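If you want the building blocks of each chain, they are given just below.
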Amino acid sequence: MREFDLQNAEVRLLNQALHGSDLAGQSIEVVNPGGKHNVAAGAQFETQVDIRGHVGYYCAGMNQNARITVHGNAGPGLAENMMSGSVTVKGNASQYCGATAHGGLLIVEGDAAARCGISMKGVDIVVGGSIGHMSAFMAQSGRLVICGDAGESLGDSIYEARIYLRGEPTSLGTDCIEKPMETEHIEELKDLLNKAGIKHDPAEFKRYGSARKLYNFQVDNVGAY
Amino acid sequence: MSSKIDTSWLRESATFSKPVIREIQRAAREGIYDIRGAGAKRTIPTFDDLLFLGASMSRYPLEGYREKCETTVTLGTRFAKKPITISTPITIAGMSFGALSAQAKEALGRGATEVGTSTTTGDGGMTPEERGHSKLLVYQYLPSRYGMNPDDLRKADAIEVVVGQGAKPGGGGMLLGQKISDRVAEMRNLPKGIDQRSACRHPDWTGPDDLEIKVQELREITDWQVPIYIKVGATRTFFDVQLAVKAGADVVVVDGMQGGTAATQDVFIEHVGIPTLPATRLAVDALKDLGMHREVQLIVSGGIRSGADVAKALAMGADAVSIGTAALIAMGDNAPEHEQEYNDLGTTAGFYDDWQDGRDPSGISTQDPDLGERLDPELAGRRVANYLRCLTLETQTLARAAGKTNVRNLEPQDMVALTIEASAMARIPLAGTDWIPGFSGKF
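None of the values given here were measured: they were computed from a predicted structure.

(A) Structural view of the overall build of chain A. Tallying secondary structure elements over chain A gives 2 helices and 11 strands in all. Of the regular secondary structure in chain A, the N- to C-terminal order runs β-α-β-β-β-β-β-β-β-β-β-α-β. Rg of the C-alpha trace for chain A: 18 Å, near the compact-globule value of 17 Å for 225 residues, within the 12% margin. When burial is assessed residue by residue, chain A has 56% of its 225 residues classed as buried. Here the contacts in chain A between residues at least 6 apart in sequence split such that 24% fall between residues at least 24 apart.

Rendered as structure tokens:
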């Protein structure tokens, strides 16, 4: 186990270490993160990183392979553009968590703020609480599970991503509709909840996705925007 | 059949000209704005409105073909561990695989590499062909983040954070479904054949303070190795450039309204943004005001066509320029050999701008495999290299005439303006006078 105390060490030192293979397979403990930005950005190898405290912007950005846990709250852009691995936040996450992420699993055990999963490109996101407005905006692919409620304009201009919502949306965004929960969706959701370690009955969720009416621009649809 | 009516006496309305009438009729028929490629077509003040004075009694010229005139430029000296050095102050601007064929992207890489300069990716990510054929490749970080991944980020020689584009500052883009091939769809993680929206703003930052942290994130992921550019469309250029410097840019790229696009509304292209000429002056002012001129390098783009344009941009204080539309023309866009096919598309060589349609007879702005095959990357790359060499020679010719041993030693005092508008915008005296409209300081 390797420890980085960010009260005394620069974030640079931690990130440099996460970009090398020397720590692959090891556990890393990060203490006193103090809300610093870009903590564990660009991790490349299969390491277990435990961050004991709150982090600022872009924690775990573009993560590949690493399993990163924030034992606190996370600022904006958590796990943005993540490719693989997993990121877990024990507290809440600020705006745009999981933005444009291509893969891996992002778990927010508390609430997530606005634009959660914006433009997501294949990532799976499970939020234990509620999420803010414009979440899954232009979401391309992947799955977003919300165990609480969703703010305004959920899934606006969504493409092929799937949304599972246990509570209620304040409103649905343009071209986002409720879709039937088939057996495959129940199984998919059960698997995601299991991976996230969150216990809920999949039958309590509704599924949302794209009506696919705006996939090709037609002048008759301009009123939808 | 020719008209039997004498029309020679008819007076065309300046307000309702034939193109205007045609556009009204088209809008009434189709109910949607016109989308096209290329940049602004309207008449605006340009570098053509400036002249070099050349050497005379008080200036000593350099011998053409004999005395050296340096063209090498190093970009990214502020923070990057590995700044990039280009042999000519002319780079290739960002154009996407998707908007352009794979053959065209390869050709741009080949041409740029042959003369020792950089080329740039675009929306849609980095292709192996482009990386493989580009010695120096700038990787664009765009709002859509199509194809964005840390592996390619680390393969780049520089990163360009795109905030805006001269053809459409404040606007996003739309790659129409007919250009979405299997490969483009896979790279962008979207179904084949659907229109792909390129967002107008980044998904995870909303202002210059956020951008500063974003730039730091990119530096962290790439271990502070490569330069980070910030590209803005020319609008509030003075403030935008200062904010880009504040956000930590190594290089600022300012793209004027003549800058091209693959697909944007005509109303946007023609009516938003400012020309490259005033944008260059504003950008240099901003850098000088911060004491960062030359420390943060400035690249200007938008309507650069000749060595004269390059030399004038440098004389105004830019460190380098970028070309886009001109490079496409050099490769074969709008070539007369395709005249019959241009006619079939309702246009003629020299006027084809429907780069959004994917039916480009030259095989450049298309994803149609048959059309793409028409473009020989080696030949097209050679043409790009030839064109870049020509621009460089022209730039050197003008610099030598002004007595400069380095093209970047050209200065505003080497020029005069031909029009009052250009004089005011470039802050260069009107020829034959010491007058600059709106300026009372010492030139």
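(B) Layout of the overall build of chain B. Across its full length, chain B carries 15 helices and 16 strands. Over its C-alpha atoms chain B spans a radius of gyration of 22 Å, differing by no more than 12% from the 22 Å that the globule rule assigns to 443 residues. Viewed in the frame of its principal axes, chain B has a C-alpha envelope of about 65 × 60 × 45 Å. Intrachain contacts of chain B at a sequence separation of at least 6 include 68% that bridge at least 24 residues.

(C) Representation of helix α9 (residues 276-289) of chain B within the structure. Its 14 residues place the ends of α9(B) 20 Å apart at the C-alpha level, agreeing with the 20 Å of an ideal helix rising 1.5 Å per residue. By the criterion of burial, α9(B) is predominantly enclosed, with 11 of the 14 residues buried.

(D) Here's a closer look at the interface of chain B and chain A. With 23 residues of chain B in contact, the opposing surface of chain A contributes 37 residues. In terms of residue count, helix α6 (residues 208-221) of chain B provides more of the side of chain B that touches chain A than any other element does, 5 residues in total. For the side of chain B that touches chain A, the class distribution of residues is 11 nonpolar, 5 polar and 7 charged.

(E) Inspection of the sheet that holds strand β6 (residues 105-108) of chain A at higher detail. Residues and elements named next belong to chain A. Strand order in the open sheet formed by 11 strands is β1-β2-β3-β4-β5-β6-β7-β8-β9-β11-β10, and the pairing between neighbours is mixed. Edge positions in the sheet fall to β1 (2-5) and β10 (176-179), since each has one partner strand and no second. On average, each strand axis in the sheet is inclined to that of its neighbour by 15°, with strand direction left out of account. Where β6 meets strand β7 (residues 121-127), 4 bridges bridge the pair, whose relative direction is parallel. Residue pairing across strands places L106 opposite I125, the latter belonging to β7.

(F) Region of interest: the nonpolar core. Core analysis: the largest hydrophobic core is formed by 191 residues, its most contacted members being A:A40, A:L106, A:V145, B:V252 and B:A283. For B:V252, the residues in contact, after removing those within four places along its chain, are B:I230, B:V241, B:A244, B:V245, B:A283, B:V296 and B:L298.

(G) Layout of the sheet that holds strand β6 (residues 118-120) of chain B. Residues and elements named next belong to chain B. Spatially, β5-β15-β14-β12-β11-β8-β7-β6 is the arrangement adopted by the 8 strands of the open sheet, whose pairing is parallel. What marks the edges here is a single partner per strand, and that holds for β5 (90-92) and β6. This sheet shows a mean twist of 30° between the axes of neighbouring strands, independent of strand direction. Of the strands in this sheet, β12 (251-255) and β14 (297-301) are in contact with α9, which crosses β14 at around 170°.

(H) Summary view of helix α10 (residues 307-315) of chain B. All names here are of chain B. A large share of α10 lies buried, amounting to 8 of its 9 residues. For α10, the set of buried residues is G307, D309, V310, A311, K312, A313, L314 and A315. One or two residues past the end of α10 sits G317, with phi positive at roughly 125°.

(I) Region of the structure containing the pairing of β14(B). Residues and elements named next belong to chain B. Here β14 lies mainly inside the structure; 5 of its 5 residues are buried. Side chains Q297, I299 and S301 of β14 all project onto a buried face; the interleaved residues L298 and V300 project onto the opposite face, where all are buried too. Where β12 and β14 come together, 5 bridges link them in parallel fashion. Paired with D255 across the two strands is S301, which belongs to β14. Bridge count between β14 and strand β15 (residues 320-323): 3 bridges; the pairing is parallel. The residue of β15 that forms the bridge with S301 is S322. Each parallel crossover has a hand, and the one from β14 via α10 to β15 is right-handed.

(J) Highlighting the packing of helix α7 (residues 237-246) of chain B against α9(B). All names here are of chain B. Direction vectors running N to C along α7 and α9 enclose 45°, while the axes themselves pass 8 Å from each other. When the interaxial angle is binned, α7 and α9 end up oblique. Helix-helix and strand crossings are classified by hand; for α7 and α9 the assignment is right-handed. Residues T237, F238, V241 and Q242 of α7 touch α9, and the partners they reach there are A279, L282, A283, D285, A286 and L287. Grouping the constituent residues of the contact of α7 with α9 by class yields 7 nonpolar, 2 polar and 1 charged.

(K) Spotlight on unusual backbone geometry. All names here are of chain A. Phi angles above zero are rare outside glycine, and D175 is one such case at about 70°. Along the chain, D175 turns up in the loop between β9 (162-165) and β10. Of the residues examined, D175 has 20 C-beta atoms within 10 Å and is grouped as buried.

(L) How the structure looks around the packing of helix α2 (residues 102-115) of chain B against helix α14 (residues 377-401) of chain B. Residues and elements named next belong to chain B. It is at 7 Å that the axes of α2 and α14 come closest, and there the two elements cross at 45°. Comparing their axes, α14 and α2 come out oblique. Considering only the axes of α2 and α14, their crossing is right-handed. Side by side, α2 and α14 meet where Q103, A104, E106, A107, L108, R110, G111, A112, E114 and V115 of the first sit next to P377, E378, A380, G381, V384, A385, L388 and R389 of the second.

(M) Main features of the pairing of strand β5 (residues 86-89) of chain A. All names here are of chain A. Side chains S86 and T88 of β5 all project onto a buried face; the interleaved residues V87 and V89 project onto the opposite face, where all are buried too. Note that strand β4 (residues 67-70) and β5 share 4 bridges and pair parallel. Within β5, the position partnered with V70 by the bridge is V89. Pairing of β5 with β6 involves 4 bridges; the strand directions are parallel. In the sheet register, V89 faces β6, and the bridge partner there is V108.

(N) Structural context of the environment of A:N81. With respect to the helices, strands and loops of the structure, A:N81 is situated in the loop between β4 and β5. Classification of A:N81 by C-beta neighbours within 10 Å gives buried; the count is 30. Look past the residues within four positions of A:N81 in its chain and what remains in contact with it is A:G61, A:M62, A:T100, A:A101, A:H102, B:R145 and B:M148.

(O) Region of interest: the environment of B:G166. Residues and elements named next belong to chain B. With respect to the helices and strands, the residue G166 is situated in the loop between β8 (158-162) and β9 (173-175). Classification of G166 as buried rests on a count of 34 C-beta atoms within 10 Å. Those residues within four positions of G166 in sequence are excluded, and the remaining contacts are G39, G233, A234, D255, G256, M257, Q258, G259, G273, S301 and G302.

(P) Structural detail: the environment of A:P33. Residue and element names in this part refer to chain A. Within the fold, P33 resides in the loop between β2 (27-31) and β3 (48-52). Judged by the 26 C-beta atoms lying within 10 Å of it, P33 falls in the buried class. Residues contacting P33, with those up to four places away along its chain left out, are L6, V39, I51, G53, H54 and V55.

(Q) Here's a closer look at the confidence of the model for chain B. Residues with a pLDDT of 70 or more make up 99% of chain B, whose mean pLDDT is 94. For this predicted complex, the interface score ipTM comes out at 0.96, alongside a pTM of 0.95.

Rules used in this analysis
Residues numbered from 1 in each chain as written. Chains lettered and ligands numbered in written order. Predicted model: local features only at pLDDT ≥ 70, side-chain atom pairs only at ≥ 80, totals over all residues. Helix = DSSP H or I, 4+ residues; strand = E, 2+ residues; numbered from the N terminus. Rg over C-alpha atoms; globule rule 2.2 N^0.38 Å. Buried ≥ 20, exposed ≤ 12 C-beta atoms within 10 Å, placed from the backbone. Contact = placed C-beta atoms within 7 Å. Expected span 1.5 Å × (residues − 1). Nonpolar A, V, L, I, M, F, W, Y, C, P; charged D, E, K, R; others polar. Pairing = 2+ DSSP bridges. Axes fitted to C-alpha atoms, helices over the stretch in contact; angles between N-to-C directions. Core = buried A, V, L, I, M, F, W, Y, C linked by C-beta atoms within 7 Å. Right-handed = clockwise from strand over helix to strand, strands pointing away. Parallel < 35°, antiparallel > 145°, perpendicular 65-115°, else oblique. Left-handed = near helix turned anticlockwise from the far one by under 90°. pLDDT = per-residue confidence, 0-100.

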